[in-house]
Amino acid sequence: MSADGETFSLHVNGEAHAVTVAPGTPLLYVLRNDLGLVAPKYGCGLEQCGACAVLVDGERTFSCTFTVEKAVGKAVTTLEGLGTPERPHPLQAAFEAEQAVQCGYCTNGIIIAAKALLDRNPDPDLAAIRVALQDHLCRCGTHSRVFRAIRRAAQELRK
Amino acid sequence: MSEKKLPGSLEDDARLDSWLSIDAGETVTLKTGKTEFGQGIKTAIAQIGADELDVSLARVRVQEADSALTADEGLTAGSESVQQSGIAMRYAAAHARRLLLEKAAARLGIDIDDLTVEDGMVSSRSTNSKVSYWELMAGQPFGVEVSGEVAPRSAGSRRLAGKSVRRLDIPAKLHGGRAFVQDVQLPDMLHGRVLHPPAYGNELVKFDAAAIAAMPGVVKVVQDGRFLAVIAAREDQAVRAWEAMREATEWRALPTLPNEDMLSDWLVSQDTDDMLVENGTPIEGDVPDAVEPEGAAQTLEAFYSRPYQMHASIGPSCAVALFEPGSEGVKLTIWQQNQGVFPQQAALATAFGMAKDSIRCIHVEGAGVYGHNGSEDAAMDAAMLARALPDRPVRLQWMREDEHRWEPYGSAMVVALQASLDEAGTMLDWNCDIWTQTHSGRPRAKKDSAGFVAAWHREDALPAPVPADHNGKHGGGHRGATPYYTLPGMRVVKHFVKPHPFRTSSLRALGTFCNVFAQESFVDELAHAAGRDPLEFRLAHLKDARARAVIEKAAAMASWDPKSWGNGHGQGLAFHRYKNGKCYVAVVIEADVDEAKGAIAIPRAWIAADAGEVINPDGAGNQLEGGFLQAMSQTLKEAVRFDATHVTSTDWESYPILTFREAPEIEVAFIDRPNDPPLGVGEGTAGPTPGAIANAVRHAIGVRLRELPLTPERVRKMIVAAERGA
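All of these numbers come straight from a predicted model, not from anything done at the bench.

About the thresholds
- Residues numbered from 1 in each chain as written.
- Chains lettered and ligands numbered in written order.
- Predicted model: local features only at pLDDT ≥ 70, side-chain atom pairs only at ≥ 80, totals over all residues.
- Helix = DSSP H or I, 4+ residues; strand = E, 2+ residues; numbered from the N terminus.
- Buried ≥ 20, exposed ≤ 12 C-beta atoms within 10 Å, placed from the backbone.
- Contact = placed C-beta atoms within 7 Å.
- Rg over C-alpha atoms; globule rule 2.2 N^0.38 Å.
- Core = buried A, V, L, I, M, F, W, Y, C linked by C-beta atoms within 7 Å.
- Pairing = 2+ DSSP bridges.
- Axes fitted to C-alpha atoms, helices over the stretch in contact; angles between N-to-C directions.
- Parallel < 35°, antiparallel > 145°, perpendicular 65-115°, else oblique.
- Left-handed = near helix turned anticlockwise from the far one by under 90°.
- Nonpolar A, V, L, I, M, F, W, Y, C, P; charged D, E, K, R; others polar.
- pLDDT = per-residue confidence, 0-100.

### Brief notes about the overall build of chain B
Reasoning step 1: For chain B, the helix and strand inventory stands at 17 helices and 25 strands.
Reasoning step 2: By its C-alpha atoms, chain B is 85 × 75 × 50 Å across when sized along the principal axes.
Reasoning step 3: Of all 726 residues assigned to chain B, the portion counted as buried reaches 56%.
Reasoning step 4: Considering only intrachain contacts with a sequence separation of at least 6, the fraction spanning at least 24 residues in chain B is 78%.

Laid out in structure tokens, this is it:
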């Protein structure tokens, strides 16, 4: 371990990265500040709001408490890894089509949770969507639109 | 300039160059002194400007508030942005188009009436000659004032305004773009955290700066009186240092807070300034007593209340600051989320004893704020850190508990209502007494006080200003207190509660939320006392046809049916015209109440609105839905919790808000009036929502709830009380 910490090999959005940080550092700060992936947001640091969510081996994971060493050897996917503005993921396209965003600070985590949901349940009913999002908070009140956007994306993905 | 009042914010800044520029690169920059925070103002401005200029949206860039670049439009608040900035843009862009056509006519030697414009290309109808806006004047200023006399397009000929154009700010938010102030990244940027005391007024007992300075990555520990902060190379290092500081620092707390369980009793027992409110405006003079009107067949009375509530932004406040002492004079640049960069610039200048012109405040969108939250304080904090470490940009973000404990809250309120009905069940009068603290606590440029937390804590401290509410028309705690109904007698009294154990300030719709909760609950109580359908009762007491139309619309959307109520199921209706002159909104909700548990479920909601000309119907609908859900959250769940010394609501478990499991499906409809002035909608649902919910609960289980929030415990208590009473 150097004065700056330890070097960790990460696999993020299909690319390999080596970062040198102190063990125990939450993955969130590594993604945002070392890798420039700023879609995951700091909201509470307590796993209570979901703004920091990423996929780790396909599971929705709160990067505000998930440490960098736990991510080693796993596939990390952030919102940036789902699609691009030119080639959006159907969820990103559906959120755009339904305008299911206000301030958008919580949107990252909601789309990540929806991705994990649709991967295991391609045709969720409203109750299943509600349960999948129960650990995500939205203060602007886009809930009703988010329901519509996820159902639209599910339909698109089943085509 | 003519004596005639100019449209919208042109009245404050009529220079055409303050509103738009024709740029090199075949684009147009539209400038607004308002700020985006997800409400869609950027897109609305773009729609209006692009329409009048005859350019496509793809060519438009919107420059938001920057104290160095845009017009001073004061605050982005009160649902006024479209009326002020949008209307100014409409006239400015129409004037610019006229000037561009004149230039084209001169350049081409063609009569102006022969010219037509498509996407910035001016062409002659009768010949092949053409010239673009950019050939005519790319990069040059107009150098004229907007006259307000060039007529904008007629409602029928608008291509973009009135359409549900997709919001310009959304793509970056869906793809990890640097869309937020939290994402600002500057070269050599450092990261800061501030250690706030655990509560207001705490004394610092022990702080070990040396121990923190020795931690990995720490560049500087800042101690200025009770203002404690750390600056580190990495954000995670700043957070660890903050955690260590929080653990080791000792404070002395004082038991200064009232009894949380007796908050309403406390409010009505304090020293107050009492003012009669006439036509929405508090006036000086004696406050008359309520007098029972002649012909009263029955008189009702009720008390309603709400606790302190938070803005509760999902993103803790953040700002980036750079302090450059420089040889040509000191410069302080702050990137921050702000509803008013110019008032903020002035307030920071006095707080720091700096010249206003040496401070530049640049708005960068952040997480939603919904009023005066921690954003202004975080900007001051960032500036404190930047001054301690010149020539390096410092990014400062509050931790979650900083936001929960230190943001200014929405005032707790009590509303006492009394009204009489005649034999026919018509309302004869209305007596309203409200107890409120200030809803107006934003930092202002004052010499002897400061509205920033950091200024209270630093060595060279300034005290918090003596709280005073906004006493203008529908201004502060009395906003929403004057019913829009036809009432022969009206007495509205504002009791301004002087002591402020908590800092309070503007929270979405100000007094409207609690005042209209009380008002619309009480109107239902009166309707029931009169033996009338609450829908019919409201319509009978409204003269304004637009008001009746939105109520009828919402009732129709929801299939209003009093016969369906009972056995735990009910519908509730409420109406309000925001500030008695802005948008008309009626809300109907459906509630299912579990009597055994006291739990209220709201599966569906319907919102009907008349907002005059609607620039972007989908965007405006998003605002109404959002306002509804936030108000629903405040109604069912939210209360700042505290003990004698501390706020104990420090996270989302101790201050729960609405979850996705609880959110209803919502339908919104506008009554379109393209020829009427636009009326902002951001705060339109804040008033009617709580009353609609309480009314639905009453219709579901026969129990009237008058204290917010309507938690299961409180619902159970009222069910038990009702059973005992029976």
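### Regarding the overall build of chain A
Reasoning step 1: The secondary structure content of chain A amounts to seven helices and five strands.
Reasoning step 2: Of the regular secondary structure in chain A, the N- to C-terminal order runs β-β-α-β-β-α-β-α-α-α-α-α.
Reasoning step 3: A globule of 159 residues ought to have a C-alpha radius of gyration of about 15 Å, and chain A, at 16 Å, matches this closely.
Reasoning step 4: With respect to the principal axes defined by its C-alpha atoms, chain A has extents near 50 × 30 × 25 Å.
Reasoning step 5: Classification of the 159 residues of chain A by burial places 57% in the buried group.
Reasoning step 6: Put simply, of all contacts in chain A between residues at least 6 apart along the chain, 59% involve residues at least 24 apart.

### As for the nonpolar core
Residues and elements named next belong to chain B.
Reasoning step 1: Residues Ala 321, Ala 382, Ala 554 and Ile 607 are the most contacted members of the largest nonpolar core, which totals 270 residues.
Reasoning step 2: Counting residues per element, this core draws most heavily on helix α2 (residues 81-108), which supplies eleven residues.
Reasoning step 3: When residues no more than four places from it in sequence are discounted, the contact partners of Ala 382 are Gly 192, Ala 319, Val 320, Ala 321, Ile 334, Val 394 and Leu 396.

### Examining the sheet that holds strand β9 (residues 218-224) of chain B
All names here are of chain B.
Reasoning step 1: Within the open sheet, the seven strands sit side by side as β9-β10-β7-β18-β15-β16-β17. Their pairing is mixed. Two strands bound the open sheet, and with one partner strand each, they are β9 and β17 (359-363). Pairwise comparison of adjacent strand axes, ignoring direction, gives a mean angle of 20° for this sheet.
Reasoning step 2: Where strand β15 (residues 318-324) and strand β18 (residues 394-397) come together, four bridges link them in antiparallel fashion. The partner of Cys 318 across the bridge, within β18, is Gln 397.
Reasoning step 3: Running over the sheet, helix α6 (residues 235-248) touches β7 (190-195), β9 and β10 (227-232) and is turned about 20° from β7.

### Quick notes on unusual backbone geometry
Reasoning step 1: Backbone torsion omega between Leu708(B) and Pro709(B) reads -5°, so that peptide bond is classified as cis.
Reasoning step 2: Tracing the backbone through its elements, the reader meets Pro709(B) in the loop between α16 (688-701) and α17 (712-725).
Reasoning step 3: Its identity is not glycine, yet Asn13(A) carries a phi of approximately 50°, on the positive side.
Reasoning step 4: Inspection of the secondary structure assignment puts Asn13(A) in the loop between β1 (6-12) and β2 (15-21).
Reasoning step 5: The backbone of Glu47(A) sits at a positive phi, close to 60°, despite the residue not being glycine.
Reasoning step 6: Tracing the sequence through the fold places Glu47(A) in the loop between α1 (27-34) and β3 (53-56).
Reasoning step 7: Classification of Glu47(A) by C-beta neighbours within 10 Å gives partly exposed; the count is 16.

### A few points about the packing of helix α5 (residues 107-120) of chain A against helix α7 (residues 143-158) of chain A
Residue and element names in this part refer to chain A.
Reasoning step 1: Running from N to C, α5 and α7 cross one another at 40°; their axes reach a closest spacing of 11 Å. Between α5 and α7, the angle is such that the two are oblique. The crossing of α5 and α7 is right-handed. Along the contact surface, α5 presents Ile 110, Ala 114 and Leu 118, while α7 presents Val 146, Ile 150, Ala 153, Ala 154 and Leu 157.

### Let's talk about the interface of chain B and chain A
Many descriptions give the size of an interface as the accessible area lost when the pieces come together.
Reasoning step 1: At the interface, 48 residues of chain B touch 48 residues of chain A.
Reasoning step 2: Only α4 (170-174), α6, α15 (617-636) and β25 (665-670) of chain B provide two or more residues apiece to the side of chain B that touches chain A.
Reasoning step 3: Looking at the side of chain B that touches chain A element by element, the count peaks at eight residues for α15(B).
Reasoning step 4: Partitioning the side of chain B that touches chain A into residue classes produces 20 nonpolar, 13 polar and 15 charged.

### Section: the pairing of β7(B)
Strand residues, when the strand is regular, have side chains that alternate between the two faces of the sheet.
Residues and elements named next belong to chain B.
Reasoning step 1: The element β7 is largely enclosed, with a buried count of six among its six residues.
Reasoning step 2: Across the two faces of β7 the burial is the same, with Leu 190, Gly 192 and Val 194 and His 191, Arg 193 and Leu 195 all buried.
Reasoning step 3: Across three bridges, the pairing between β7 and β18 is parallel. Note that in β18 the partner of Gly 192 across the bridge is Leu 396.
Reasoning step 4: Where β7 lies against β10, five bridges are found, and the strand directions are antiparallel. Bridging across to β10, Val 194 finds its partner in Ala 229.

### Topic: the packing of helix α4 (residues 90-97) of chain A against α5(A)
All names here are of chain A.
Reasoning step 1: Across the interface, α4 lies against α5 with an axial gap of 10 Å and an inter-helix angle of 130°. Here α5 runs oblique to α4, going by the angle between their axes. The way α4 lies across α5 gives a crossing that is right-handed. Of the residues in α5, those in contact with Leu 91, Gln 92 and Phe 95 of α4 are Thr 107, Ile 111, Ala 114 and Lys 115.
Reasoning step 2: Across the contact of α4 with α5, the residue classes break down as four nonpolar, two polar and one charged.

### Some details on the sheet that holds strand β23 (residues 584-594) of chain B
By way of backbone hydrogen bonds, the strands of a sheet pair with one another, either parallel or antiparallel.
Residue and element names in this part refer to chain B.
Reasoning step 1: The strand order across the open sheet formed by four strands is β22-β23-β24-β25, and the pairing between neighbours is mixed. If you trace the sheet from one side to the other, it starts and ends with β22 (569-577) and β25, each paired once. Across the sheet, the axes of successive neighbouring strands diverge by a mean angle of 15°, strand direction being ignored.
Reasoning step 2: Of the strand pairs in this sheet, β23 and strand β24 (residues 599-610) are connected by ten bridges, and their pairing is antiparallel. Pairing of Val 588 across the sheet is with Trp 606, part of β24.
Reasoning step 3: In the packing of α15 onto the sheet, the strands contacted are β23, β24 and β25, and the crossing angle to β25 comes to about 135°.

### Looking at the confidence of the model for chain B
Reasoning step 1: Predicted confidence across chain B gives a mean pLDDT of 96, with 99% of residues reaching 70 or more.
Reasoning step 2: What the predictor reports for the complex is a pTM of 0.96 with an ipTM of 0.97.

### With respect to the environment of Asp135(A)
Reasoning step 1: Looking at the secondary structure, you find Asp135(A) in the loop between α6 (126-132) and α7.
Reasoning step 2: When the C-alpha atoms of Asp135(A) and Glu47(A) are compared, they prove to be 8.1 Å apart, with 88 residues separating the residues in sequence.

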